[in-house]
Amino acid sequence: MKLIKNGKQLKNNPLAKSIVAIVLLALVLSVIPAFVQADREAKIVTLPTSDASKREVVYARLKATGDVDSVYVVNHFHPSGKTSLTDYGDYEEVIQLTGNAPPVLNGTTVSIAEAEGPYYYQGNLKSRELPWLFDMKWKLDGEEREPETLSGVSGELELEMSVKSNENIDDDFFNQYALQISIPIDPERTQIVAASEGFMVSYAGTEQQMTYMALPGMETTFKAVFDVKDFAMGQMTIAGVPLAFGIDLETFDDEFNEMLAPLEELESGIAEFADGAVELRKGYKELLNAYNKMSDGSGKLLSGGKQLKSGADKLKDGVKKYTSGVDRYVGGVGQLSKGYQTFDQGVQAMYQGTQQLNAEGAQLLEGSAAVLAGLNAIVDQLSADALNGVEIPAITPEMLAQLDELVDGSEGVRDGLAGLAEGAEQLYGGLIALQNQLTILKENADKFVIPENDVPAMTAAEWQGYITSPAPYGLGLTISGDAAGQLYIELAGLSGLASAYKPAATMLRGTIDGLLDQKEGVPALVNGAKGLLAGVQKLSAGYGGYHDGTNQVPGLHQGIVALVEQLKGFAGMSGQFAPLLEQFPQLVEGLQQLRAGYAGVYDADGTPVVGPDGVPMIGFHPGLKAYLEQGVGGLIAGYEGVAGQPGLLAGSKGIKDGLAALAKNGRQLSSGGSELRDGIAKTGKGIADYIGGISSFDKGLDRYRADGLIPYYDGLIKFEDGAETLKAETSDLPQKFEDAISELLEEFEGSFEVRSFVSEANKDVTSVQFVFMTEEIPPAK
């Protein structure tokens, strides 16, 4: 359990009362026990015993905040026979507690006729004033709470209680009465965690009592911290009783003389102390001579340090300009490399997408060839040659199966064309995004400052010559020791790396410009993808049909389905020979036209025949093949390159290699520059600290002289005079101390006059006691 220091304050004369408190404590612990054991007789105190004498017990009910709720007094008389009594008090009402004679209240006078034996009556005071002011504050987990909200709570509960003097009441009671404050503790609900010093804990069965004592004339504040669970607390009790010591000062003087014996040694030590003050002033002259020598040496050190700092500043400026350029270079490379990552990922994704598109196109072309083969087989079988001799070829089950396969294959071609168009659209959009990213890369690359002149790679010896040569040929610095050689080697390595910067940056910028070439770079791929997309969309619309805004226009697939359905219809018309003779040639002619539209019509030399509308009859299948080979194949060639010319992939690799070279040099330059900068910074800081230390030391010497030595001498004179005065004032110290303590103890020696709390008109008062009780904090319902 922790102890908390409590605050106590004497109402009057704090210094004197504090000394009294210390002395009284010493008396209780040492001297007074000896008095108790001594063979002496205590003085007898005579108490009033007349029939009219009385005792007062003042009761008060307090709220849990310390505010007074009500005050009443129980007055006790003990006449030997029937006696008429008169008492005084400013009561609201009086209540008979014992006897047969009721008290009669008339103003402030209470009359009792023929009271006999122990007689008690209660008077309820109009005033709520007490000699003490109580203030109780409650906090739960650090938050201030009202007492009525604490029933059943759990957590850390803090009680702070202050006791102060009430200025509205005669302070004789406050100065003469001690208070015993008892706090009931239920161990099952409350555990004491910390408390102000001076408390006691007593046990009564399962209950505990936590008790504090407030001494007469002392204002006090104490705290207690509890760990509570389902909290409840009974009534606190505060009892006030008079307190005085019966001290025999004559016996006290004899006992106290032995305790003051060490003061004689103190008196002797003070005398020796005064003699030492005289010797101290003699040593001042030696101290002044040493100071003058130290001040001269400090001035020389400060002059040399300033010369050293001038040379270091020149070197620091040169290194600062160099490292600043390196930092800008490294930052630019990092920004460009970040943009490249996005671009390169896009290039790889577009290349893979184009390869996938090519694979899907090959499958589509294979399906289209199968449709064409099936169409050729059916047309050849049902050609007009089969009508010679007026015979209609029979439509066999095998032919019906071929017709179904033809429709299924046509649907596959239709769906494949739609997927191919979707892939071409994504490819086109991705290439546009790549072109935009590449444009941003170029903008960042153009920000790179490429020096007009090449950066020379200097050797360690050349760096040494530049740094040590006088202006205007060099810096004119003198650097010696092992650190100098290492510095020249680091500078040589850094200049070699810096010399490679211009070629790498130039190559990178040229590579990016080549990728943006309108004829051979990414823009050419964008144009090719745009044309591919338009052609594939046109093929898809022509094959699968499209909506012109008003009507649905059928495509090649719908024609195949219609002719197949018509051909299947002939299989069920075996009994209708005449209509067959009329419709069958038209069907064959339709199939031949369909085949011509699908396969195209070519001369012997492979040139497409021009149709009636003036358009070459290329055919769907050859057109699809041309788009795939030239369109998708052209895009792949753009990625991979042709005839020894690098494509987009090679260009991207060139950017990657260029950035890798720049990044490598950048890291090495940055690392070397940082080490060089740190080394120069440490050297400069060391020099600056050295100069600062010497300067501070020199200024400190001046302040030491002005604020120390000179005032010190004046202080020595005063110190010597003060020591002599102390020596004179502390002569015969034990006797002076004894006289002062005896004078202060007189305030607590003997007893005091008992006075009525209720009214000054009550003269025959044997005792006055106070009993206060706070309201309880009940258990939670």
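Residues numbered from 1 in each chain as written. Predicted model: local features only at pLDDT ≥ 70, side-chain atom pairs only at ≥ 80, totals over all residues. Heavy atoms only, no water.

1. Topic: the overall build of the protein
Rules: We count a stretch as a helix when DSSP gives it H or I for four or more residues in a row; a strand needs E for two or more, and each element gets its number in order from the N terminus. The cut-offs for exposure are 20% and 50% of the maximum accessible area for each residue type, with area from a 1.4 Å probe on protein chains only; residues under the lower value are buried, those over the upper are exposed, and the others partly exposed. Any two residues whose heavy atoms approach within 4.5 Å at even a single point are treated as in contact. Note that accessible areas follow from Shrake-Rupley with a 1.4 Å probe, and for residues the cover is restricted to the protein chains shown.
Along its length, the protein carries 15 helices and 21 strands. A total of 781 residues make up the protein; the buried ones form 35% of that total. Counting contacts in the protein only where the partners sit at least 6 residues apart, residues at least 24 apart contribute 77% of the total. For the protein, the exposed area adds up to about 43,100 Å²; of that, 53% sits on carbon and sulfur atoms.

2. Brief notes about the packing of aromatic side chains
Rules: Side-chain rings of Phe, Tyr and Trp (the six-membered ring for Trp) are treated as a pair once their centres are within 6.5 Å; stacked means planes under 30 degrees apart, edge-to-face means over 60, and tilted covers the remaining angles.
Applying the stated rule across the entire model yields 13 aromatic pairs. Considering the side-chain rings of tyrosine 59 and tyrosine 72, the 5.2 Å spacing of their centres and the 15 degrees angle between planes classify their relative orientation as stacked. Note that tyrosine 59 is positioned in strand S3 (residues 54-62) and tyrosine 72 in strand S4 (residues 68-77), a separation of 13 residues in sequence. You can call tyrosine 59 partly exposed: its relative accessible area is 27%. By relative accessible area, tyrosine 72 is classed as partly exposed at 28%. The interplanar angle of 85 degrees and the centroid separation of 6.4 Å between the aromatic rings of tyrosine 91 and tyrosine 121 together place this pair among those described as edge-to-face. Taken together, the residues span a long stretch of sequence, with tyrosine 91 in strand S6 (residues 91-96) and tyrosine 121 in strand S9 (residues 119-125) at a distance of 30 residues. One aromatic cluster is present, built from ring pairs that chain together Trp132, Phe134, Phe173, Tyr177, Phe757, Phe770 and Phe772.

3. Overview of a nonpolar patch on the surface
Where we set the bar: Nonpolar side chains (Val, Leu, Ile, Met, Phe, Trp, Tyr) are joined into patches within 5 Å and like charges within 9 Å, using only residues with over 30% relative accessible area and no salt bridge. What makes a salt bridge here is a side-chain nitrogen of Lys or Arg within 4 Å of a carboxyl oxygen of Asp or Glu, nothing more.
Together, Phe273, Leu280, Leu287, Tyr704, Tyr712, Phe719 and Leu726 line one region of the surface with nonpolar side chains, adding up to about 560 Å² of accessible area. Elements supplying a minimum of two residues to the nonpolar patch: helix H4 (262-282) and helix H14 (648-729). Broken down by element, the nonpolar patch gets its largest block of residues, four residues, from H14. In this fold, tyrosine 712 is placed in helix H14. According to the relative accessible area criterion, tyrosine 712 is partly exposed, its value standing at 32%.

4. Concerning the sheet that holds S4
The line we're drawing: Pairing between two strands is assigned when DSSP locates at least 2 bridges connecting them. Note on geometry: axes are C-alpha line fits, over the in-contact stretch for helices, and angles between N-to-C directions span 0 to 180 degrees.
An order of S6-S9-S4-S3-S21-S18-S13-S16-S15 is seen for the nine strands of this open sheet, with the pairing classed as mixed. The two strands at the open ends of the sheet, each matched to only one other strand, are S6 and strand S15 (200-204). Each strand axis lies, on average, 20 degrees off the axis of its neighbour in the sheet, ignoring direction. Taken together, the nine bridges between S3 and S4 define a ladder with antiparallel strand orientation. Bridge assignment links lysine 54 to a residue of S4, and that residue is phenylalanine 77.

5. Quick word on the sheet that holds strand S7 (residues 104-106)
If you walk across this open sheet you meet the three strands as S5-S8-S7, and the pairing is antiparallel. The sheet is open, and its two borders are formed by strand S5 (83-88) and S7, each paired with just one other strand. Averaged over all neighbouring strand pairs, the angle between strand axes comes to 20 degrees, with direction disregarded. Direction of pairing for S5 relative to strand S8 (residues 109-115): antiparallel, over a ladder of five bridges. Of the residues in S8, the one forming a bridge with threonine 83 is alanine 115.

6. Digging into the pairing of S15
In terms of residue burial, S15 counts as a barely covered element, since only zero of its five residues are buried. Relative to strand S16 (residues 207-214), S15 runs antiparallel, the two being bridged by five bridges. By the bridge assignment for S16, valine 201 is matched with methionine 210. Taken together, S15 and the strand that follows it, S16, pair antiparallel across an intervening segment of two residues, in which glycine 205 is found at a positive phi of about 70 degrees.

7. What to know about the side chain of aspartate 87
Note the threshold: Nitrogen and oxygen atoms within 3.5 Å of one another constitute a polar contact, given that in protein one can donate a hydrogen and the other can accept it, and given that sequence-neighbouring residues count only through two side-chain atoms.
In this fold, aspartate 87 is placed in strand S5. Of the polar contacts made by the side chain of aspartate 87, one reaches the side chain of lysine 54; its length is 3.0 Å. Reaching out from aspartate 87, the side chain makes a polar contact with the side chain of tyrosine 121 at a distance of 2.6 Å. Residues contacting aspartate 87, with those up to four places away along its chain left out, are Lys54, Asn75, Phe77, Thr108, Thr109, Val110, Tyr121 and Asn762.

8. A look at unusual backbone geometry
Even without being a glycine, aspartate 141 presents a positive backbone phi close to 55 degrees. When you line up the elements, aspartate 141 lands in the loop between strand S10 (132-140) and strand S11 (143-145). Here the phi dihedral of aspartate 230 falls at roughly 50 degrees; this positive angle occurs in a residue that is not glycine. Tracing the chain through its elements places aspartate 230 in the loop between strand S17 (218-228) and strand S18 (237-242).

9. Some thoughts on the pattern of salt bridges
Enumeration over the complete set of coordinates arrives at 10 salt bridges. Between arginine 755 and aspartate 170 there is a salt bridge; the shortest N-O distance is 2.6 Å. Taken together, the residues arginine 755 in the loop between helix H15 (733-745) and strand S21 (765-774) and aspartate 170 in the loop between strand S12 (155-165) and helix H2 (172-176) connect sequence positions 585 residues apart. In this structure arginine 755 comes out as partly exposed when scored by relative accessible area, which is 30%.

10. Considering empty space enclosed by the protein
Our working rule: Any residue with an atom within 4 Å of a point lines the site, the site being either a cavity, points on a 1 Å grid over the protein atoms alone where a 1.4 Å probe fits but cannot get out, or a pocket, an open set with protein on both sides within 12 Å along at least 5 of 7 lines. Grid points are joined across faces, edges and corners, and a volume is the space filled by probe spheres set on the points. Throughout this entry, Asp, Glu, Lys and Arg are counted as charged residues, while Ala, Val, Leu, Ile, Met, Phe, Trp, Tyr, Cys and Pro are counted as nonpolar. The remaining residues, Gly among them, count as polar.
In total, this model carries three cavities of 30 Å³ or more according to the counting rule given. Reported here for the largest cavity is a volume of approximately 40 Å³. Lining of the largest cavity is provided by Ala64, Met136, Trp138, Met233, Gly234, Met236, Thr774, Glu775 and Ile777. Looking at side-chain class alone, the lining of the largest cavity contains six nonpolar, two polar and one charged residues.

11. Considerations on the confidence of the model for the protein
As a reminder of what qualifies: One number per residue, pLDDT, summarises how confident the predictor is, and it ranges from 0 to 100.
With 64% of its residues at a pLDDT of 70 or more, the protein has an overall mean of 75. Scored below 50 in pLDDT, residues 13-40 shows 32 contacts in the model against residues more than four places distant or in partner chains.

12. Description of the pairing of S3
Hairpin connection of S3 to S4: five residues between the antiparallel strands, including glycine 66 at a positive phi of 100 degrees. Here nine bridges tie S3 to S21, and the two strands are oriented parallel to one another. Its bridge partner lying in S21, alanine 60 is registered against phenylalanine 772.

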